[in-house]
Amino acid sequence: MMIYFDMCVQEEGNCFYIKINHSYMLDEEFKDEKSAEERMRSIVQARNNLEYERKNY
């Protein structure tokens, strides 16, 4: 299964969410945009690490 990452931070009401792509949204709520962006960066780093490992396997 391939999930395409086109992430952004989206505000809904008083919370912020990470939209993974047009189909998926992360099920975590964030109280501020900065926290959501930091979490998004950690997801990107994890994805990049996995992709790197896969290429070198």
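K.L.:
Which residues make up the overall build of the protein, and what are the values?
P.N.:
Along its length, the protein carries one helix and two strands. Starting at the N terminus and walking to the C terminus, you meet the elements of the protein as β-β-α. In terms of principal-axis extent, the alpha carbons of the protein reach across some 45 × 20 × 15 Å. The proportion of buried residues among the 57 residues of the protein is 21%. In the protein, of all internal contacts separated by at least 6 residues, the share reaching a separation of at least 24 is 18%. Looking at the protein as shown, the accessible area adds up to about 4,900 Å², and 49% of this sits on carbon and sulfur atoms. Considering the protein, the positive charge centre built from 8 side chains and the negative charge centre built from 12 side chains are found 6 Å apart.

K.L.:
Requested: an account of a negative patch on the surface, with residues and values cited.
P.N.:
Judged by side-chain charge, Glu11, Asp32, Glu33 and Glu38 come together as a negatively charged surface patch. Inspection of the secondary structure puts Asp32 in the loop between strand 2 (15–19) and helix 1 (33–55).

K.L.:
Which residues make up the pattern of salt bridges, and what values go with them?
P.N.:
Taken as a whole, this structure holds three salt bridges when the rule is applied. The salt bridge partner of Arg39 is Glu28, with a shortest N-O separation of 2.9 Å. One end of the pair, Arg39, is in helix 1; the other, Glu28, is in the loop between strand 2 and helix 1, and 11 residues separate them in sequence. By relative accessible area, which is 31% here, Arg39 ends up partly exposed. Looking at Glu28, the relative accessible area reads 28%, which means it is partly exposed. Across the pair Glu51 and Arg47 runs a salt bridge, and its minimum N-O distance is 3.2 Å.

K.L.:
Go over the environment of Tyr57, please, and point to the residues and values.
P.N.:
Mapped onto the secondary structure, Tyr57 falls in the segment after helix 1. Considering only alpha carbons, one finds Tyr57 and Gly13, 44 residues apart in sequence, at a separation of 44 Å.

Parameters and conventions
- Residues numbered from 1 in each chain as written.
- Predicted model: local features only at pLDDT ≥ 70, side-chain atom pairs only at ≥ 80, totals over all residues.
- Heavy atoms only, no water.
- Helix = DSSP H or I, 4+ residues; strand = E, 2+ residues; numbered from the N terminus.
- Buried < 20%, exposed > 50% of the residue type's maximum accessible area, 1.4 Å probe, protein only.
- Contact = heavy atoms within 4.5 Å.
- Areas by Shrake-Rupley, 256 points an atom, 1.4 Å probe, with all protein chains shown as cover.
- Lys, Arg positive; Asp, Glu negative; His and termini not counted.
- Charge placed at Lys NZ, Arg CZ, Asp CG, Glu CD.
- Patch = residues over 30% accessible without salt bridge, like charges linked within 9 Å, V, L, I, M, F, W, Y side chains within 5 Å.
- Salt bridge = Lys/Arg side-chain N within 4 Å of Asp/Glu carboxyl O.

Worth remembering: the numbers are spatial, not functional.
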